Amino acid sequence: MEFWFMIIIFTALIIGISLFFKNKKPPVMYLIPSAFTAVSIVLLIASFIIGGFSGMGMIVFSIGLLISSAATLIVVSFYGFLKCE
């Protein structure tokens, strides 16, 4: 249950940050979820290097961040598609 709660918090946080930059000329609101995806992949690779229980905890954190950033990218893209002026 805590894993899904963590994903919901990450998703709300990334959506909030992305929508804060919605009026910037280059579409920065699409870059923010992509940057979080890159960070989660780097954390996933680093967790295999760390190993042990610390690495397993880092895997859970990075998978949660990856799921939430992918969901955020879908939501923000859909928002941008509907917001066409």
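Conventions and cut-offs
Residues numbered from 1 in each chain as written. Predicted model: local features only at pLDDT ≥ 70, side-chain atom pairs only at ≥ 80, totals over all residues. Heavy atoms only, no water. Axes fitted to C-alpha atoms, helices over the stretch in contact; angles between N-to-C directions. Helix = DSSP H or I, 4+ residues; strand = E, 2+ residues; numbered from the N terminus. Parallel < 35°, antiparallel > 145°, perpendicular 65-115°, else oblique. Left-handed = near helix turned anticlockwise from the far one by under 90°. Core = buried A, V, L, I, M, F, W, Y, C linked by side-chain atoms within 4.5 Å. Buried < 20%, exposed > 50% of the residue type's maximum accessible area, 1.4 Å probe, protein only. Contact = heavy atoms within 4.5 Å. Nonpolar A, V, L, I, M, F, W, Y, C, P; charged D, E, K, R; others polar. 1 Å grid on protein atoms, 1.4 Å probe; cavity = no way out; pocket = protein on both sides within 12 Å on 5 of 7 lines; lining within 4 Å. Points joined across faces, edges and corners; volume = space filled by probe spheres on them. Patch = residues over 30% accessible without salt bridge, like charges linked within 9 Å, V, L, I, M, F, W, Y side chains within 5 Å. Areas by Shrake-Rupley, 256 points an atom, 1.4 Å probe, with all protein chains shown as cover. Salt bridge = Lys/Arg side-chain N within 4 Å of Asp/Glu carboxyl O. Expected span 1.5 Å × (residues − 1).

1. Here we look at the packing of helix α2 (residues 28-50) against helix α3 (residues 52-82)
Axis angle and axis distance: for two packed helices, these are the angle between their axes and the distance between the axes, and together they describe the pair. The contact between α2 and α3 brings their axes to 8 Å, and the two run at 165 degrees. One way to sum up the angle between α2 and α3 is to call them roughly antiparallel. Taken as a pair, α2 and α3 cross one another with a handedness that is left-handed.

2. A short note on the nonpolar core
Counting five residues, the largest nonpolar core is built from Met 6, Phe 10, Ile 14, Ile 32 and Leu 65. When residues in this core are grouped by element, the largest group, three residues, is from helix α1 (residues 2-20). The residues contacting Ile 14, other than those within four sequence positions of it, are Ile 32, Pro 33, Phe 36, Leu 65, Ser 68, Ser 69 and Thr 72.

3. Side note on the packing of α1 against α3
For the pair α1 and α3, interaxial distance at closest approach is 8 Å and the crossing angle is 45 degrees. Here α3 runs oblique to α1, going by the angle between their axes. Helix-helix and strand crossings are classified by hand; for α1 and α3 the assignment is right-handed. Residue-level inspection shows Phe 3, Met 6, Ile 7, Phe 10, Thr 11, Ile 14, Ile 15, Ser 18 and Leu 19 of α1 in contact with α3, the latter providing Val 60, Phe 61, Ile 63, Gly 64, Leu 65, Ile 67, Ser 68, Ser 69, Thr 72, Val 75, Val 76 and Tyr 79. Of the residues that constitute the contact of α1 with α3, the class distribution is 15 nonpolar, six polar and no charged.

4. Concerning the layout of surface pockets
Computed from the structure, the largest pocket encloses a volume of approximately 210 Å³. Surrounding the largest pocket, 14 residues form its lining, Lys 22, Asn 23, Met 29, Tyr 79 and Lys 83 being those nearest its centre. Of all the elements in the fold, those that place two or more residues in the lining of the largest pocket are α2 and α3. Among the elements that make up the lining of the largest pocket, the one with the highest residue count is α2 (three residues). A per-class count over the lining of the largest pocket returns seven nonpolar, two polar and five charged.

5. What to know about a nonpolar patch on the surface
Taken together, Phe 5, Ile 9 and Leu 13 make up a surface patch of nonpolar side chains, about 300 Å² in accessible area. Counting through the fold element by element, Ile 9 comes out in helix α1.

6. Remarks on α2
Taking 1.5 Å of rise per residue, 23 residues should cover 33 Å, and α2 covers 33 Å from first to last C-alpha, within 8% of that figure. What α2 keeps buried is the set Met 29, Ile 32, Pro 33, Ser 40 and Ser 47. Where α2 is buried, its residues touch α1 and α3. In the segment just after α2, Gly 51 is the residue with positive phi, at about 70 degrees.

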